[in-house]
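# Structure assessment
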Amino acid sequence: MKKTVTLTFSDGSPPIELPIEQGTYGTPVIDIRPLGAKGYFTHDPGFTATSSCTSAITYIDGEQGLLYYRGYPIEELAYKADHMEVCYLLLHGELPTAAQKQAFVDSISHHSMLHDQMENVFRGFRRSAHPMAVMIGVTGAMSAFYHEGMDIFDARHREIVAHRLIAKIPTVAAWAYKFNEGQPFIYPRNRLSYAENFMHMMFSTPCEDYEPNPVLARALDRIFILHADHEQNASTSTVRLAGSSGANPYACIAAGMASLWGPLHGGANEAVLKMLDEMGDVSRIPEFIKRAKDKSDSFRLMGFGHRVYKNMDPRARIIRQTCYEVLDALDLRDDPQFRMAMELERIALEDEYFISRKLYPNVDFYSGIIFRAMGIPSSMFTVMFALARTAGWVAQWNEMLADPAHKIGRPRQLYTGPARREFVPIGERTA
Ligand code: CMC
């Protein structure tokens with residue numbers, strides 16, 4: 001028998017029975033949809049206890065620190081698969097066969113060039129524009145190139161959107177960097193892997209080819225896997241909400257990027273390095289820990305804490321290991337920032353404030369150190385996150401539109417403004 005919950009009211013109004021749904025895993029969900037018809041809304045700012053959709057893509061167990069894509073633990077995917085397989089998995093629900101993977105990789109490679117006119121879009125920005133601003137602008141501008149004739153309710157059209165986005169976003173990202181640097185744009189090279197091609201577009205110049213180091217390319221590919229999806233976070237929910245009205249998908253992904261940019265979300269990796277730079281030396285860790293605990297100070301330990309993980313973020317563990325591998329490959333084993341980050345983690349994890357609030361390092365804590373070691377500047381860190389998360393955004397957008405029951409997103413509110421009042425003509429108003 002299906003479990004239900006009964007709402008009773010202190011004023012004697014009739015009780016309301018609500019069904020309880022149970023997914024494959026996770027917290028049971030009370031289906032509150034009947035409430036609207038009965039004259040009640042629920043109030044949950046920040047969606048701390050609200051499920052906004054059904055999804056079969058990603059599962060997080062925040063208490064145990066588990067992350068699954070389509071049922072596969074993140075550790076297995078990070079160490080045994082590559083990003084192309086993971087993109088296919090997120091989009092199609094199954095890992096590809098060798099032939100399916102080859103066809104997918106071919107399609108991605110052949111969609112990686114940008115429309116020639118897109119160069120003009122880049123050139124419209126000022127040189128010093130933050131690369132995330134450029135990413136958002138250029139991705140939004142893609143909606144102008146791909147709009148007429150697109151039917152978002154046709155599965156094949158949605159597949160083309162997905163392939164274009166996964167293929168072109170690395171080019172947009174690398175060109176945002178090149179534009180900042182004042183260097184010529186470098187075109188994608190189809191014989192390279194996804195990560196190698198990105199490194200090529202970032203670091204080659206017309207005068208000199210960049211030979212990607214295989215350890216670094218593998219590390220980058222793994223970072224892409226770790227960031228590929230994370231269920232209904234702020235940016236993914238933004239993509240879904242924007243897309244729920246039937247809007248152009250490229251514009252929806254640009255909206256997701258805007259949401260990701262904030263320092264509490266994808267902007268945290270950039271903020272971690274700023275914090276470590278400011279700290280400068282392990283001797284100043286206690287001072288920063290003290291500030292993070294001080295409620296009169298808005299400072300937070302960046303790269304620590306998570307809305308869902310109340311245990312170690314499983315991605316942080318993998319990324320710390322990857323950090324060792326990258327620093328080893330570059331002969332930077334004694335990198336002072338890495339030492340400082342490890343010491344900061346050790347001290348925070350022994351501190352009652354962080355223990356009692358279940359604040360652990362998240363995925364962003366170590367990624368910046370890897371990026372910097374690879375020569376990627378901190379202004380590009382959130383761009384790297386956006387590049388990887390594009391797969392998840394587009395998979396979630398596709399899942400929503402494939403569901404014939406999907407509705408436009410339209411939250412309600414608890415109105416606390418003035419009650420109805422009379423209009424006062426301007427000459428009669430007093431301050
Ligand atoms: N440093 C110090 N105190 C913290 C931190 C932190 N990084 N994070 C949370 N707290 C405290 C917070 O002050 C609150 O304390 P109290 O109960 O005494 O008021 C308690 O822990 C709960 O915090 P919250 O803000 O209610 O939790 P939340 O779920 O709303 O916020 C978060 C989650 C990620 C926004 C927050 O932990 C944070 O600001 N972290 C730093 C930014 C960061 O690293 N973001 C990256 C998230 S992972 C990448 C991604 O998925 O985007």
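Let me sum up the structure you'll find in this document. Please read these numbers as outputs of a predicted model, since none were measured by experiment. (Residues numbered from 1 in each chain as written. Predicted model: local features only at pLDDT ≥ 70, side-chain atom pairs only at ≥ 80, totals over all residues. Heavy atoms only, no water.)

## A word on the pairing of strand 4 (residues 58-61)
Both strand 4 and strand 5 (residues 66-69) contribute to a ladder of 4 bridges, which runs antiparallel. Bridging across to strand 5, Tyr59 finds its partner in Tyr68. What sits between strand 4 and strand 5 in their antiparallel hairpin is a turn of 4 residues, with Gly65 showing a positive phi close to 75°. (Pairing = 2+ DSSP bridges. Helix = DSSP H or I, 4+ residues; strand = E, 2+ residues; numbered from the N terminus.)

## A word on the site of the ligand
Near the ligand you find 20 residues, and of these His265, Arg300, Leu301, Gly303 and Arg307 are the closest. Within the side chain of His265, an N or O atom sits 2.5 Å from an oxygen atom of the ligand. Across the complex, the protein chains shield 77% of the 950 Å² of accessible surface that the ligand would expose by itself. For the shell around the ligand, the per-class residue count stands at 9 nonpolar, 6 polar and 5 charged. (Near = heavy atom within 4 Å. Polar contact = N/O pair within 3.5 Å; in protein donor to acceptor, adjacent residues only side chain to side chain. Areas by Shrake-Rupley, 256 points an atom, 1.4 Å probe, with all protein chains shown as cover. Nonpolar A, V, L, I, M, F, W, Y, C, P; charged D, E, K, R; others polar.)

## Details of the sheet that holds strand 5
One open sheet accounts for 3 strands, arranged 4-5-6; its pairing is antiparallel. One side of each edge strand has no neighbouring strand; the edge strands of this open sheet are strand 4 and strand 6 (72-73). Relative to strand 6, strand 5 runs antiparallel, the two being bridged by 2 bridges. Opposite Tyr68, over in strand 6, you have Pro73 as the bridge partner.

## A closer look at the side chain of Ser235
As for its placement among the helices and strands, Ser235 is situated in helix 10 (residues 234-243). Here Ser235 falls in the buried class, since its relative accessible area comes to 0%. Those residues within four positions of Ser235 in sequence are excluded, and the remaining contacts are Gly256, Ser259, Leu260, His265, Arg389 and Trp393. (Buried < 20%, exposed > 50% of the residue type's maximum accessible area, 1.4 Å probe, protein only. Contact = heavy atoms within 4.5 Å.)

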